Amino acid sequence: MSAPVSAVHPPVEVINPHYRDAGRLERCLESLAGTRYPSMRTLVVDNGSGNPDLEKRLSGFSGVRLLSLPENRGYAGGCNAGAGASKAEYLVFMNDDTLHEPSWLEKLVSAARRDRSTAALQPKILSLPEREKGRRVFDHAGAAGGMIDRLGYPWCYGRSFRGVEPDNGQYDMARELCWASGAAMFVRRDVYEELGGFDDSFFMHMEEIDLCWRMRLAGYRIISEPSSVVWHEGGASLAQGSPEKIYYNHRNNLRMLLKNMSVPTLVWVLPARLLLEGAAVVFYLLRGRGSLAAALAVPRALRDFLLRVPETIGLRKRVQALRKQNDRSLFRGLPFSVFLRR
């Protein structure tokens, strides 16, 4: 007797938070329809877009349902709402500016089932605009997998300060990561629920890094699966270098460190990082056009981080109660600073 479909192909739900550009969303859903995986469904979370035609536009897509929120809860809140409406064994948090290779999901499910200690996976994320030029180039948002340095700055395989790398197969071996990109993040739903999901207060940017950090603290693994390929347009929510993006990145990064690092690590990292926030202001001022608005985003982020320190410490107590790994093991082999990495 053959195994039931649910055993061979455990149910997966793609959680697709949406705020604007229904045409881009439809393009994503058309691509997902070509996925070779029989137990996939898609949940579009309408983040208060105010588009009355959205339900009608989605009615032609098989296996797609809609969850409408009365307001924009950001990527973190939208994904949490979608996850709460799903009973699937696995969840994929997916940006709506993505396209997908037909076998992308099957490869991720297979990798997840090989090791129950794996809580999240990331596919290889390539640049969609570069594909339209006939090139295979890593995308800025996740590239070949997310890492973090000892000062708490995130970086990626396939991406550096000089730009993104062409995909020449140099990262085609699965490897352990520090975080999986929210552009296409595959997770075990039971672990997601155990750890409380995304932190709603992040709104957008770095919420996936924070969740993955908690996964690793609790003893789970984050893995890349480069045989799974997703193409990402990038910059659909906020353009790279925009003041709002800078604000969220700086505010949320500091909040993430305070929540997740041990006290001995924070004693030296947090003062160093506060000094580096000042250096960031100077850096943005020297960049040229639009630099003043970018520079002012940093002190605004620092102010809002400091105002919410008591709240963050409350969250920190819950996070640290999950700890099964010390910081020495979590940061073993990682560079002191991404700025010194070649």
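Residues numbered from 1 in each chain as written. Predicted model: local features only at pLDDT ≥ 70, side-chain atom pairs only at ≥ 80, totals over all residues. Heavy atoms only, no water.

(A) Up close: the packing of aromatic side chains. Under the criterion given, the structure shown has 13 aromatic pairs. Between Phe93 and Tyr192 the ring centres are 5.4 Å apart and the planes differ by 35 degrees, which places this aromatic pair in the tilted class. One end of the pair, Phe93, is in strand 4 (residues 90–94); the other, Tyr192, is in helix 7 (residues 189–194), with 99 residues separating them in the sequence. The buried category is assigned to Phe93, whose relative accessible area is 0%. The exposure class assigned to Tyr192 is buried, which follows from its relative accessible area of 5%. Counting every residue linked through ring pairs, the aromatic cluster contains Tyr75, Phe93, Tyr192 and Phe198. The side chain of Arg175 reaches across the aromatic face of Tyr157, ending 4.5 Å from its centre. (Phe/Tyr/Trp six-rings, centres within 6.5 Å; stacked < 30°, edge-to-face > 60°. Helix = DSSP H or I, 4+ residues; strand = E, 2+ residues; numbered from the N terminus. Buried < 20%, exposed > 50% of the residue type's maximum accessible area, 1.4 Å probe, protein only. Lys NZ or Arg CZ within 6 Å of the ring centre and 35° of its normal.)

(B) The arrangement of the pairing of strand 4 in detail. Burial within strand 4 is extensive, with 5 of its 5 residues counted as buried. Here strand 4 shows a buried face lined by Tyr90, Val92 and Met94 and a second buried face lined by Leu91 and Phe93. Sheet topology places strand 1 (residues 12–18) next to strand 4; 4 bridges connect them, and they run parallel. Each residue of the ladder has a partner; that of Glu13, found in strand 4, is Leu91. When strand 4 meets strand 12 (residues 184–188), the two strands line up antiparallel, connected through 5 bridges. For Phe93, the partnering residue across the bridge sits in strand 12 and is Met185. (Pairing = 2+ DSSP bridges.)

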